[in-house]
Amino acid sequence: MTRSTWPNRDKNEVTTLGDLGNPEKFNTPIALQNYSTTTLKARLEDMIRIRVVEEVIADMVRAGDVKCPAHLTIGQEATAVGIAANLRKTDRAFGCHRSHGHYLAMGGSVQGIMDEVLGKATGCSKGMGGSMHLFAQDIGFYGSVPIVAGTVPLAVGAGLAAKKDGKGDIGIAFFGDGACEEGVVHESLNMAATLDIPVLFVVENNLFSSHMDIHLRQPTDRVARFAEANHVESVTVDGNDLVAVIEESGRLIESMRRDPRPAFVEAITYRWRGHVGPNEDIDVGLRRSMDELKAWKGRDPVNRLALSMFERGDFTQSDLDAMTAAVRAEVEDARKKAYDAPWPEEKTLLEAVYA
Amino acid sequence: MHKSALSVKPSGTTPDAAPFKRVNYGVAICEAFEYLLENYPEVFIIGQGVWSPWYVGSTMTDLDKKFGKDRVIDSPVSEAATTGAAVGAGLCGYKPIVIHPRIDFMILACDAMVNQAAKWSHMLGGQAHPNVTIRGVVNRGGEQGAQHSQALHSWFAHIPGLRVVMPATARDARDLMIASVLCDDPVLYIDDRWLYDFEEDLPPAKPVDLRDIGPQYLHEGNDITIVGASYSSRLALDAAKTLAASGVQADVIDLRVLNPIDPTLVHESVKRTGRLLVVDGGWRTCGLGGEIIAGCAETLDPTVWKAKPQRITLPDAPAPTSRVLEDIYYPDEQTVLDAARAMLGGR
Ligand SMILES: Cc1ncc(C[n+]2csc(CCOP(=O)(O)OP(=O)(O)O)c2C)c(N)n1
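The residue numbering used here restarts from 1 in each chain and proceeds along that chain's sequence as written. As they are written, the chains are lettered A onward and the ligands numbered 1 onward, keeping that order. Totals for whole chains, interfaces and linings use every residue, but because this is a predicted model, local features are given only for residues with pLDDT of at least 70 and side-chain atom pairs only at 80 or more, for both listing and counting. No hydrogens and no water enter the side-chain calculation; it runs on all heavy atoms of the structure.

This part takes up the overall build of chain A. Under the scheme used here, helices are H or I runs from DSSP no shorter than 4 residues and strands are E runs no shorter than 2 residues, and both carry numbers assigned from the N terminus. Assigned secondary structure in chain A consists of 12 helices and 9 strands. Based on C-alpha atoms, the radius of gyration is set beside the globule rule, defined as 2.2 Å times the residue count to the power 0.38. Here the C-alpha atoms of chain A give a radius of gyration of 20 Å, agreeing with the 20 Å that 2.2 N^0.38 yields for 355 residues. Overall, chain A is about 65 × 50 × 40 Å in size when its C-alpha atoms are taken along their principal axes. Contact criterion: two residues are considered in contact whenever any of their non-hydrogen atoms come within 4.5 Å of each other. The long-range share in chain A, meaning contacts at least 24 apart out of those at least 6 apart in sequence, stands at 76%. Note on areas: Shrake-Rupley with a 1.4 Å probe; residue coverage comes only from the protein chains shown. As presented, chain A carries roughly 14300 Å² of accessible surface, and 53% of it is formed by carbon and sulfur atoms. Looking at charge distribution, chain A has the averaged site of its 40 positive side-chain charges lying 2 Å from that of its 51 negative ones. None of His or the chain ends enter the tally, which takes Lys and Arg as positive and Asp and Glu as negative. Lys charges are placed at NZ, Arg charges at CZ, Asp charges at CG and Glu charges at CD.

What follows is the structure in structure tokens.
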């Protein structure tokens with residue numbers, strides 16, 4: 001705020017996140033609107049599945065069994081699940097380094113990811129990719145890879161292809177606030193807007209890019225401003241409120257299907273684990289403290305949804321416990337099978353290079 | 001001048017009585033930065049992760065604290081802008097150093113490096129030179145996979161106007177960085193995390209002229225010439241030591257500077273040994289290994305050869321993740337030994 005010898009600079013301040021960036025706010029149960037308990041239970045289970053899969057992967061990393069870098073999304077589950085709730089198998093989604101949640105939310109197999117993180121031939125990428133390279137094209141998950149922002153223009157291309165196909169499908173790019181610092185994101189927004197390409201840019205703004213919080217990297221913390229600058233319709237939403245994410249992204253996706261053009265969802269959230277690896281620590285976060293993490297846990301997307309459902313009265317703590325236990329059993333079973341799964345054959349190394 | 005720093009046994013002091021200091025390759029890079037920031041006010045550093053030990057290991061510890069965050073700038077996730085800005089500042093009297101904690105991410109900066117920095121001098125009549133050093137770190141293994149494992153030296157060594165250096169020893173890790181930054185041309189400095197723990201006794205730092213630096217011997221012998229750069233020079237040296245135990249004496253030549261390349265030492269050596277094995281940490285097709293062999297083939301009399309020249313490279317495939325494939329992907333000392341022994345007729 002000391003830069004204000006420039007009189008118009010403060011105009012920009014309206015674009016900050018405000019209370020959405022303050023973990024003491026938005027930490028109460030969420031509005032369930034008229035969503036049925038059946039629907040909400042299914043989405044809650046999706047979120048729990050992501051969390052449990054990642055807790056198990058974290059254990060496997062600690063045990064030294066998973067060696068590939070694993071960027072966990074625990075704490076951010078509502079964004080992936082909320083967006084996926086509006087997608088169909090013929091849409092074309094692309095992820096990034098932190099995409100276990102996107103893959104699972106869209107229906108990616110638990111066995112496929114368990115096998116993949118161990119490098120087994122039965123993994124979702126045949127053991128050739130590990131945690132950072134996931135694939136499930138049959139459900140619309142076209143791939144996640146770790147070059148930051150690398151898949152954003154690919155999703156634009158997928159949207160372009162969808163538009164040519166003319167069936168109302170869309171491209172989706174999942175990326176982070178850090179990725180918005182890459183030039184190609186801006187080229188992608190501008191081009192998608194100019195060519196009316198139906199691509200949904202989904203930014204999980206978790207306020208960090210590895211060790212750097214957003215204030216060290218950008219002049220203000222609300223990245224939807226980049227969409228506004230390119231005339232792409234956008235919304236900034238509480239990314240830990242499942243219903244809000246479903247509603248806000250659903251509204252945009254529905255109009256994209258009818259009238260092809262890009263849209264942008266900025267979901268405010270927070271990762272609980274380190275940038276990479278299993279631990280809930282401050283790892284490489286220069287200005288991230290355990291106190292801050294604790295405050296953000298008050299905005300737990302799973303807990304907030306469950307509490308709201310308890311309040312409404314048609315879902316109880318013991319229902320939640322049973323749901324969690326069932327998911328855990330499913331994931332543990334997949335873990336066991338993954339250890340017994342076969343390794344890739346040596347010839348895959350050269351055979352997979354070309355079609 | 002071309003004699004290896006490694007073969008010189010430190011006496012404990014340099015002529016001016018300053019003590020040698022034992023440091024590893026990683027710390028040696030850091031010492032270069034300290035020396036440069038200390039002595040040259042026009043030096044500054046920009047890039048991702050430079051405030052975090054997690055990104056760049058021991059190579060930049062506390063530089064921001066010692067020299068201030070305006071001279072050691074951690075950046076947004078913007079490879080193209082940081083590198084382009086460094087080229088610009090380099091044209092305006094500064095000596096910027098750009099850090100790419102993984103050479104794979106540096107690919108996003110290719111325009112600034114290849115179209116701009118490398119060509120600036122020539123296309124404007126030699127009147128201006130972007131004095132910029134771009135550091136790309138090779139960081140592979142650990143099941144990181146295709147986009148986090150590459151060794152792209154051959155790509156960049158192909159570009160006229162872009163100097164490319166690859167230190168194999170702690171001494172060179174420091175001195176080639178100093179030489180790169182003091183050089184008026186754009187330089188790509190490539191270091192390899194697999195080398196960070198190798199230790200050496202170093203004399204105090206002093207200015208180094210990059211134009212004086214070329215390939216060096218790390219080991220000497222008359223039976224076979226093994227050529228490497230960076231980590232592959234280490235493999236060659238390890239293999240040479242093992243071969244020596246069984247009576248085979250190898251010349252090991254560490255290239256150090258890939259562009260512009262000075263092949264004289266390699267040619268002299270192969271004339272003596274008649275056998276050339278190149279260990280290249282990159283891919284095979286259109287790579288460094290092929291370049292070294294081609295240079296010898298063009299230059300040397302055909303009667304010199306006692307065996308067909310050979311190269312060891314990565315298979316022409318992206319890096320896999322699965323450990324069973326990673327294990328067969330990277331050459332090791334045994335790969336070099338097997339190839340050398342085959343060329344020596346099984347000796
Ligand atoms: C081109 C490129 N530059 C840098 C990196 C290193 N890197 C990996 S993840 C990451 C952070 C990205 O932050 P963000 O996009 O906000 O995603 P988050 O990790 O917060 O989910 C960085 C800088 C990379 N993988 N690719």
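A separate point is the sheet that holds strand 4 (residues 95-100) of chain B. All names here are of chain B. Two strands qualify as a pair provided DSSP detects at least 2 bridges between them. The mixed open sheet is built from 7 strands, whose spatial order is 3-2-4-5-7-6-12. Edge positions in the open sheet fall to strand 3 (72-74) and strand 12 (257-259), since each of these has one partner strand only. Along the sheet, successive strands turn relative to each other by an average axial angle of 20°, direction set aside. The pairing of strand 6 (residues 163-165) with strand 7 (residues 187-192) spans 3 bridges and is classified as parallel. Its bridge partner being in strand 7, Arg163 is matched across the sheet by Val187. Each axis is a line fitted through C-alpha atoms, and for a helix only the stretch in contact is used; angles between axes span 0 to 180 degrees, taken between their N-to-C directions. Packing against the sheet, helix 8 (residues 170-182) makes contact with strand 2 (43-47), strand 4, strand 5 (133-138), strand 6 and strand 7, and its axis sits at approximately 165° to strand 7.

Salt bridges are identified by distance alone: a Lys or Arg side-chain nitrogen within 4 Å of an Asp or Glu carboxyl oxygen. Under the counting rule described, the total for this entry stands at 41 salt bridges over all chains. The shortest N-O distance in the salt bridge between Lys337 of chain A and Asp333 of chain A comes to 2.8 Å. Remark: Asp333 of chain A and Lys337 of chain A occur in helix 11 (residues 317-340); sequence separation between them is 4 residues, near one turn of the helix. Across the pair Glu199 of chain B and Arg22 of chain B runs a salt bridge, and its minimum N-O distance is 3.2 Å. Of the two residues, Glu199 of chain B is situated in strand 8 (residues 199-202) and Arg22 of chain B in strand 1 (residues 21-24); the sequence distance between them amounts to 177 residues. Categorising residues by exposure relies on relative accessible area from a 1.4 Å probe, with only protein chains included: less than 20% of the type maximum marks a residue as buried, more than 50% marks it as exposed, and the intermediate range marks it as partly exposed. On the basis of relative accessible area, Glu199 of chain B is assigned to the partly exposed category, the value being 47%. Its relative accessible area of 48% is what places Arg22 of chain B among the partly exposed residues.

Here we come to helix 11 (residues 288-299) of chain B. In an α-helix, one full turn covers 3.6 residues, which means residues spaced three or four apart are oriented alike. All names here are of chain B. Expected span, for any helix, means 1.5 Å times one less than how many residues it has. Counted at 1.5 Å a residue, the expected span for helix 11 with its 12 residues is 16 Å, and the 17 Å between its end C-alpha atoms agrees. Among all positions of helix 11, only Leu288, Gly289, Ile292, Ile293, Gly295 and Cys296 are buried. Down the axis, helix 11 shows its buried residues gathered within 155° of arc, on one side only. Exposed residues lying more than 90 degrees from the buried face of helix 11 are Ala297 and Glu298. Residues of helix 11 that are buried in the fold lie against helix 7 (153-157), strand 10 (224-228), strand 12, helix 10 (264-273), strand 13 (276-279) and strand 14 (310-312). Note that the arc is defined by the directions from the helix axis to the C-beta atoms.

Our next topic: the environment of Glu31 of chain B. All names here are of chain B. Of note, Glu31 is situated in helix 1 (residues 25-39). Separated by 268 residues in the primary sequence, Glu31 and Thr299 have C-alpha atoms spaced 40 Å apart. Not counting the four nearest positions on each side in its chain, Glu31 is found in contact with Lys21, Val23 and Arg174.

What follows concerns the site of the ligand. Residues are counted as near a molecule or strand when any one of their heavy atoms sits within 4 Å of it. Lining the immediate surroundings of the ligand are 22 residues, of which His97, Arg98, Pro146 and Gly178 of chain A together with Glu79 of chain B lie closest. Positioned at a junction of chains, the ligand has nearby residues supplied by chains A and B. Side-chain atoms alone can form a polar contact between residues adjacent in sequence; in general such a contact is a pair of N or O atoms within 3.5 Å, and within protein one must be able to donate a hydrogen while the other accepts it. A distance of 2.7 Å separates an oxygen atom of the ligand from a polar backbone atom of Gly178 of chain A. At 2.8 Å from an oxygen atom of the ligand is found a side-chain nitrogen or oxygen belonging to Asn206 of chain A.

Before going further, it helps to spend a moment on the packing of helix 1 (residues 37-62) of chain A against helix 11 of chain A. All names here are of chain A. Packing of helix 1 against helix 11 leaves a shortest axis separation of 9 Å and a crossing angle of 45°. In this view, helix 1 runs oblique relative to helix 11, as classed from their interaxial angle. Between helix 1 and helix 11 lies a crossing whose hand is right-handed. Contacts between helix 1 and helix 11 involve Lys41, Leu44, Glu45, Ile48, Arg49, Val52, Val53, Glu55, Val56, Asp59 and Met60 from the former and Leu320, Met323, Thr324, Val327, Arg328, Glu330, Val331, Glu332, Arg335 and Tyr339 from the latter. Residues of the contact of helix 1 with helix 11, tallied by class, amount to 11 nonpolar, 1 polar and 9 charged. Roughly parallel means an angle under 35 degrees; roughly antiparallel, over 145; roughly perpendicular, 65 to 115; everything else is oblique. Handedness of a helix crossing follows the sense of rotation of the near helix relative to the far helix, less than a right angle counterclockwise being left-handed and clockwise being right-handed. Gly counts as polar in this scheme, as do all residues outside two lists: the nonpolar Ala, Val, Leu, Ile, Met, Phe, Trp, Tyr, Cys and Pro, and the charged Asp, Glu, Lys and Arg.

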